[in-house]
Amino acid sequence: MRVGVLVSGTGTILQALLDEKLPIVLVLADRPCRGLEIAAEAGVTPVLLDRQDFGGFGSGFDRVGYSRAVTAALLDAGIDLVVMAGFGTVLAESVHEAYPMRILNTHPALLPAFPGWHAVEEALAAGVDVTGCTVHYATLEMDAGPVIAQEAVPVRPGDDAGSLHERIKEVERRIYPETIQRVLAELEPRQEKEAG
Ligand code: GRF
């Protein structure tokens, strides 16, 4: 099985996936970021498919064209399972058509609570005692696909978004690799059957 990881940021979740020796053969980023350096250090092919070449981050962004390019890169590399680890672009249909129920995401809240980019800040602002993280299948609608694993993280008095997000990420670095292993173990026999 060949795993492709999509990143945009500091790549600490990616590092945890590499530490667990998941079969990662490609790391693709939508912008220059530390995640690409982490991939290179681990001997995994880093691919920068820069959004700037597809209209950047404003209203001129060619989401469909960009998604097609991501899909082509994943297919070219023979990727079986796509894993998003802090990826900052919502991808259009093409990738979901090529990888139905084969794209995973980790989100720093207990979905369906607090979907979107500001999950940690919104949980704090809502005054909840408990938030957490969710591993789920990514579908066309952001942060709405079927949940595979969740774990609660208590909000502590005095928490700010930074301290709370870091405690959530500690849990993500543990449950995301475990969950990916489980999904890979379920996919493997199906793959062999299809090939045979
Ligand atoms: C994680 O909290 C993930 O849930 C969110 O982005 C964060 C990525 O963290 N989508 P890092 O860049 O791997 O440290």
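Above: the structure in question.
Reference entry: report on the structure contained in this document.

Here's the deal with the sheet that holds strand S7 (residues 147-154)
With respect to topology, 7 strands assemble into an open sheet ordered S3-S2-S1-S4-S5-S6-S7, the strand pairing being mixed. Either end of the sheet is taken by a strand with one partner, and the two such strands are strand S3 (45-48) and S7. Adjacent strand axes in the sheet meet at a mean angle of 20°, parallel and antiparallel pairs treated alike. Sheet analysis places strand S1 (residues 3-7) next to strand S4 (residues 81-84), joined by 4 bridges and oriented parallel. Its bridge partner being in S4, glycine 4 is matched across the sheet by valine 82. In the packing of helix H1 (residues 12-19) onto the sheet, the strands contacted are S1, strand S2 (24-29), S4 and strand S5 (103-107), and the crossing angle to S2 comes to about 175°.

Looking at the side chain of threonine 71
Summarising the element assignment, threonine 71 is placed in helix H3 (residues 63-76). In this structure threonine 71 comes out as buried when scored by relative accessible area, which is 6%. Here serine 94 takes part through its side chain, which lies 3.2 Å from a polar atom of the side chain of threonine 71. Residues in contact with threonine 71, not counting those within four places in the same chain, are Ser94, Val95 and Ala98.

Remarks on the site of the ligand
The environment of the ligand is formed by Thr10, Gly11, Thr12, Ile13, Gly86, Thr106, His107, Pro108, His165, Lys169 and Glu172. Between an oxygen atom of the ligand and a main-chain N or O atom of isoleucine 13, the distance comes to 2.8 Å. Here an oxygen atom of the ligand and a side-chain polar atom of lysine 169 are 2.6 Å apart. In isolation the ligand exposes 370 Å². Once the protein is present, 87% of that is buried. Contributing elements (two or more residues each) for the shell around the ligand: H1, S5 and helix H6 (161-195).

Let's talk about H3
Counted at 1.5 Å a residue, the expected span for H3 with its 14 residues is 20 Å, and the 20 Å between its end C-alpha atoms agrees. Buried residues of H3: Gly65, Tyr66, Ser67, Val70, Thr71 and Leu74, and no others. Buried-residue contacts for H3 involve S1, S2, S4 and helix H4 (93-98). Glycine 78 sits one or two positions beyond H3 and adopts a positive phi of about 65°.

What counts, and at which threshold
- Residues numbered from 1 in each chain as written.
- Predicted model: local features only at pLDDT ≥ 70, side-chain atom pairs only at ≥ 80, totals over all residues.
- Heavy atoms only, no water.
- Pairing = 2+ DSSP bridges.
- Helix = DSSP H or I, 4+ residues; strand = E, 2+ residues; numbered from the N terminus.
- Axes fitted to C-alpha atoms, helices over the stretch in contact; angles between N-to-C directions.
- Contact = heavy atoms within 4.5 Å.
- Buried < 20%, exposed > 50% of the residue type's maximum accessible area, 1.4 Å probe, protein only.
- Polar contact = N/O pair within 3.5 Å; in protein donor to acceptor, adjacent residues only side chain to side chain.
- Near = heavy atom within 4 Å.
- Areas by Shrake-Rupley, 256 points an atom, 1.4 Å probe, with all protein chains shown as cover.
- Expected span 1.5 Å × (residues − 1).

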